[in-house]
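Structural overview for review
Read off the chains here:
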Amino acid sequence: MAFDVERMLRLWTDPLPDVATVAAAAFGELYADPVTVNGSPLAASDLVVRARAMQSALEQPEREVLAVADAGDSVALAFRLAGRHVGALDTPAGRLPPTGQRIEIRIIDVLTLSDGLITAIWMVADWLPAFAAAGALRLPVDETA
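Structure report, in brief. (Residues numbered from 1 in each chain as written. Predicted model: local features only at pLDDT ≥ 70, side-chain atom pairs only at ≥ 80, totals over all residues. Heavy atoms only, no water.)

1. Here's the deal with the overall build of the chain
If you tally the helices and strands in the chain, you get four helices and eight strands. Moving toward the C terminus, one meets the helices and strands of the chain in the order α-α-β-β-α-β-β-β-β-β-β-α. Over its C-alpha atoms, taken along the principal directions, the chain stretches across nearly 60 × 35 × 25 Å. By the burial criterion, 34% of the 145 residues in the chain qualify as buried. The contacts of the chain with a sequence gap of at least 6 include a subset with a gap of at least 24, amounting to 55%. When the accessible surface of the chain is summed, it comes to about 8300 Å², and 57% of that surface belongs to carbon and sulfur atoms. Where the 11 positive side-chain charges of the chain centre and where its 19 negative ones centre are 6 Å apart. (Helix = DSSP H or I, 4+ residues; strand = E, 2+ residues; numbered from the N terminus. Buried < 20%, exposed > 50% of the residue type's maximum accessible area, 1.4 Å probe, protein only. Contact = heavy atoms within 4.5 Å. Areas by Shrake-Rupley, 256 points an atom, 1.4 Å probe, with all protein chains shown as cover. Lys, Arg positive; Asp, Glu negative; His and termini not counted. Charge placed at Lys NZ, Arg CZ, Asp CG, Glu CD.)

2. Concerning the pairing of strand β3 (residues 58-70)
One face of the sheet, then the other: side chains in a regular strand alternate in exactly this way. In this sheet, strand β4 (residues 74-85) lies alongside β3 in antiparallel orientation, the contact comprising 10 bridges. Paired with L58 across the bridge in β4 is H85. Linking β3 to β4, which pair antiparallel, is a turn of three residues; within it G72 sits at a positive phi near 90°. (Pairing = 2+ DSSP bridges.)

3. A few points about the side chain of T13
Relative to the helices and strands, T13 is located in helix α1 (residues 5-13). Using a relative accessible area of 8% as the deciding quantity, one classes T13 as buried. A distance of 2.6 Å separates polar atoms of two side chains, one belonging to T13 and the other to R63. In this structure T13 touches Q55, P61, R63 and L81, once residues within four positions along its chain are discounted. (Polar contact = N/O pair within 3.5 Å; in protein donor to acceptor, adjacent residues only side chain to side chain.)

4. Some words on helix α2 (residues 20-28)
One full turn of an α-helix is made of 3.6 residues, so residues set three or four places apart face in the same direction. Listed in full, the buried residues belonging to α2 are A23, A24 and F27. Here the buried residues of α2 occupy an arc of 100° about the axis, which is enough to place them on one side. Along its buried surface, α2 packs onto α1, β1 (31-37) and α3 (44-57). (Arc of directions from axis to C-beta.)

5. Considerations on the layout of surface pockets
Of the pockets and cavities examined, the largest pocket occupies roughly 740 Å³. Elements that contribute at least two residues to the lining of the largest pocket include exactly α1, β1, α3, β4, β5 (89-91), β7 (102-114) and β8 (117-126). Ranked by the residues each element gives to the lining of the largest pocket, the list is headed by α3, at five residues. For the lining of the largest pocket, the class distribution of residues is 22 nonpolar, two polar and three charged. (1 Å grid on protein atoms, 1.4 Å probe; cavity = no way out; pocket = protein on both sides within 12 Å on 5 of 7 lines; lining within 4 Å. Points joined across faces, edges and corners; volume = space filled by probe spheres on them. Nonpolar A, V, L, I, M, F, W, Y, C, P; charged D, E, K, R; others polar.)

6. Section: the pairing of β4
Sheet analysis places β4 next to β7, joined by 11 bridges and oriented antiparallel. Paired with A78 across the strands is I108, a residue of β7.

Printed below as a string of structure tokens:
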């Protein structure tokens, strides 16, 4: 049976149950507890905190699966998340304050599966469009031109 990518993405974009233990249990249906993300173990409760932060950062989130390669015990997934940036967004470069602008983040996840659960994730994201929409990028001015 193929891994349910849409179900996984809904955890990150659709509202989670208000009760933290219920939300963590929803993650526990797809993720090991803990799950290793880019080499660091994260508990289900950590995933809930991260998902809530993403959900509060993007208004009317859109998700689009671009490609999936399912090898049974590993799944490579390329997708994009987009929406109006209405809440603080944690990025590798620091916290990006809300801009009200539409932003897009392109992401590649490589999931390791064991007994149907995600046990490890290697993730890389393209934050450039989000930084550009926030006005956080500036190209150097060529003074010689």
